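# Remarks on the overall topology
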Amino acid sequence: MAKKLVFSGVQPTGNLHLGNYLGAVKRFVELQDADAMCIYCLVDLHAITNWQNPKELRQNTIEVTAAFLACGLRKEHSIIFNQSQVTAHTELAWIFNCVARIGWLNRMTQFKEKAGKNRENASLGLYCYPTLMAADILAYHATHVPVGEDQKQHLELTRDIAAKFNNDFNAPDFFPVPEPIIEGTATRIMSLRDGTKKMSKSETSDMSRINLTDDNDSIRKKIQKAKTDPFEIPSEKEELVDRPEAENLLGIYATLANQSIEQTLEQFSGSDFKKLKGALSDLLISELEPINKEIKKLLDQEAYIVEILREGSERADQISRPILEEARQLVGFLK
Ligand code: AMP
Ligand code: TRP
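Figured I'd write up the structure that's included with this text. The structure presented is a predicted model; accordingly, all values stated were derived computationally and were not measured.

Bringing helix H13 (residues 273–299) into the picture now. Taking 1.5 Å of rise per residue, the 27 residues of H13 would be expected to cover 39 Å, and the 36 Å separating its terminal C-alpha atoms lies within 8% of that figure. Maximal helix bending in H13 amounts to about 35°, located at Leu288; proline Pro290 follows within four positions.

Pasting the structure below:
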């Protein structure tokens, strides 16, 4: 079996929130520390599928990189870079645009959600976003992709593209069919204001999410104001059905305390939300305060961050270039 190669991406479109942290970045760090070969990408090409203010895009790329480092990613152990500095992504994405079928892309729920009612006016890039994502992963022959639940369908499409390319060009096993890693209690953290919507950078109310840059007072305030229901905390998991806000807060607590939902219910059953919220705020603060301080420190060292991304891009280029070259030959491009 080939060596495990981990790839994942995060859009530099704003502050990272608790969903990004628990669903993705914290697990990136665990994989890095478990000694896998890891490549983590700031997907700026994906970011511009919705118009970005150029100054903000640049600043967000720096800030999300600072957050990666503050959470524990290390350039000595992982390749950290921004997508637009490595040309294999867009070149391979074009080939994949010709492999993937319109019918496959028409099924993507993220496009439907993001394009909304005015689909005719969405960018073409937003529509073929998933073929670029497949290129990100397959340009490195990555085998494992840690993501939150919302990316599951895109990973399935990536697997279909890998299999169809291998078949169309008679190259069995050229692209490995990658495995998603969507595990644990935090694959879908929900909004603090509405337990049926996922926590997201694009939600207008900042009260709906905990940002990695929030100070302790804001964390306490947001948790205190988080929506709940009028019932007490139950003792059985089954009783959380139709109580999405309760399930979300308990799930966040369980993840941070490194325990199961069952253990968490045992701890809080019969009490009201005040007790859970107090304990949850304490846990959040002890986890996020050091990260928050480190992000602030790193933001004073912009040149250092720019250099990490440049170096990372060079290393990413060295790995992806020969794979792209082989793909080009398989397709029949004259050199
Ligand atoms: P994005 O900010 O959309 O680029 O997402 C970066 C990573 O965070 C992806 O792996 C997402 O699946 C994950 N993610 C985003 N929002 C959430 C959420 N609310 N809960 C869990 N994971 C999330
Ligand atoms: N689409 C992912 C998201 O919005 C980000 C992403 C882009 C990604 N390319 C990737 C994730 C490759 C995993 C692997 O969250």
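From this point, things continue past the structure.
With respect to the secondary-structure elements, Gly103 resides in helix H5 (residues 102–106). Along the primary structure Gly103 and Cys41 are separated by 62 residues, whereas in three dimensions their C-alpha atoms are 28 Å apart.

Moving on, we get to the site of ligand 1. Ligand 1 sits among 17 residues. The nearest are Gln11, Gly148, Asp150, Ile189 and Lys201. Within the backbone of Gly19, a nitrogen or oxygen atom sits 3.2 Å from a nitrogen atom of ligand 1. Among the residues forming the shell around ligand 1, the class breakdown is six nonpolar, eight polar and three charged.

In this fold, Thr143 is placed in the loop between helix H8 (129–138) and strand E4 (144–146). Since its relative accessible area comes to 11%, Thr143 is described here as buried. When sequence neighbours within four positions are dropped, the list of residues in contact with Thr143 reads Lys3, Lys4, Leu5, Pro178 and Glu179.

Using the criterion set out here, one finds 12 aromatic pairs in the structure. Considering the side-chain rings of Phe28 and Tyr40, the 4.4 Å spacing of their centres and the 10° angle between planes classify their relative orientation as stacked. Highlighted residues: Phe28 in helix H1 (residues 18–33) and Tyr40 in strand E2 (residues 37–42), separated in sequence by 12 residues. A relative accessible area of 0% places Phe28 in the buried class. With relative accessibility at 0%, the residue Tyr40 sits in the buried group. Among the aromatic side chains, those forming a connected cluster through ring pairs are Phe96, Phe165, Phe169, Phe174 and Phe175.

Another aspect to go through is helix H10 (residues 216–225). Regarding H10, the residues found buried are Ile219, Lys222 and Ile223. The arc that holds the buried residues of H10, viewed along the axis, is 95°, so those residues lie on one side. Exposed and facing more than 90 degrees away from the buried side of H10 are Asp217 and Gln224. Lining the buried residues of H10 we find H13.

What counts and how
- Residues numbered from 1 in each chain as written.
- Chains lettered and ligands numbered in written order.
- Predicted model: local features only at pLDDT ≥ 70, side-chain atom pairs only at ≥ 80, totals over all residues.
- Heavy atoms only, no water.
- Helix = DSSP H or I, 4+ residues; strand = E, 2+ residues; numbered from the N terminus.
- Expected span 1.5 Å × (residues − 1).
- Bend = angle between axes of the 7 residues up to and from the residue.
- Near = heavy atom within 4 Å.
- Polar contact = N/O pair within 3.5 Å; in protein donor to acceptor, adjacent residues only side chain to side chain.
- Nonpolar A, V, L, I, M, F, W, Y, C, P; charged D, E, K, R; others polar.
- Buried < 20%, exposed > 50% of the residue type's maximum accessible area, 1.4 Å probe, protein only.
- Contact = heavy atoms within 4.5 Å.
- Phe/Tyr/Trp six-rings, centres within 6.5 Å; stacked < 30°, edge-to-face > 60°.
- Arc of directions from axis to C-beta.

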